[in-house]
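A look at the structure
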Amino acid sequence: MLNFIWVFCILFGILFALITGEMAAVSDAVLSAGKDAVNLALTMAGIVATWSGIMKIAEKGGMIATLSDKFYPLLHFLFPSIPKKSKAMQYISANFVANFLGLGWAATPAGILAMKELQKYNHKKDTASNAICMFMIINMSSLQLITINILAYRQQYGSANPGEIIGPGIVATFLSTIIGVFAGKLLERWWKH
């Protein structure tokens, strides 16, 4: 369905440009957007490579396991059915740390591995468990201290002060995470009854 919508929008735009005599503007937009996309991709690739490397070093150096131990009281509240020393808890910790630092790209591999591990503790394989649902809620709300990707986008597009969004970003993601966890726990209790 989404492909149909995109094709329709592109064809409608080209047809409209033909009717209004603005095909030169469409050609210019396609060429400049392609150049901007390549520049942005190169900027993001550098950021992703740097922070993914830092996360891998943290994992190999034992920092992720240590953080998992430190976060255990919180993680146990969020995921009471998952054992403390499980790989799932380590991957969840790595995902949370990466999201907290605003590194959505670095969080994705840990998130996928966490989901695979959480599925091992799921008794109904065709239904998402409470732990899987809670992980998705927190992942989607993604509490962030520094929104690295947004800072990079703002810098790429010439913002005078790319960092001015850090404060509002912290408040917004903190509130969305708290509300999401509250709603998840409420539904978890309601569903049991």
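See the structure printed just above.
The text that follows walks through the structure, step by step, so that each part is easy to find. (Residues numbered from 1 in each chain as written. Predicted model: local features only at pLDDT ≥ 70, side-chain atom pairs only at ≥ 80, totals over all residues. Heavy atoms only, no water.)

1. Concerning the layout of surface pockets
- The computed volume of the largest pocket comes to approximately 590 Å³.
- Within the residue set of the lining of the largest pocket, elements represented by two or more residues are α7 (130–141) and α9 (166–192).
- Per-element accounting of the lining of the largest pocket gives the leading share, six residues, to α9.
- Looking at the lining of the largest pocket, its residues break down into 14 nonpolar, seven polar and three charged.
- For the second largest pocket, the calculated volume is near 370 Å³.
- Along its surface, the second largest pocket is lined by 17 residues, and L74, F96, I138, L143 and T177 are the ones closest to its centre.
- For the lining of the second largest pocket, the secondary structure elements donating two or more residues are α4 (72–78), α5 (87–100), α7 and α9.
- Considering only residue class, the lining of the second largest pocket consists of 12 nonpolar, five polar and no charged. (1 Å grid on protein atoms, 1.4 Å probe; cavity = no way out; pocket = protein on both sides within 12 Å on 5 of 7 lines; lining within 4 Å. Points joined across faces, edges and corners; volume = space filled by probe spheres on them. Helix = DSSP H or I, 4+ residues; strand = E, 2+ residues; numbered from the N terminus. Nonpolar A, V, L, I, M, F, W, Y, C, P; charged D, E, K, R; others polar.)

2. Re the side chain of N99
- The topology assignment puts N99 in helix α5.
- Residues within four places of N99 in sequence aside, it is in contact with G104, A107, N139, S142, L143 and Q144. (Contact = heavy atoms within 4.5 Å.)

3. Concerning the packing of helix α3 (residues 63–70) against α5
- Across the interface, α3 lies against α5 with an axial gap of 9 Å and an inter-helix angle of 95°. Judged on the interaxial angle alone, α5 and α3 are roughly perpendicular. Where α3 approaches α5, its residues I64, A65, L67 and S68 are matched on the opposing element by M89, Q90, S93, A94 and V97.
- Broken down by class, the residue content of the contact of α3 with α5 amounts to six nonpolar, three polar and no charged. (Axes fitted to C-alpha atoms, helices over the stretch in contact; angles between N-to-C directions. Parallel < 35°, antiparallel > 145°, perpendicular 65-115°, else oblique.)

4. A short note on the environment of Y72
- Tracing the backbone shows Y72 in helix α4.
- Beyond its immediate chain neighbours, meaning those up to four positions away, Y72 contacts K84 and M89.

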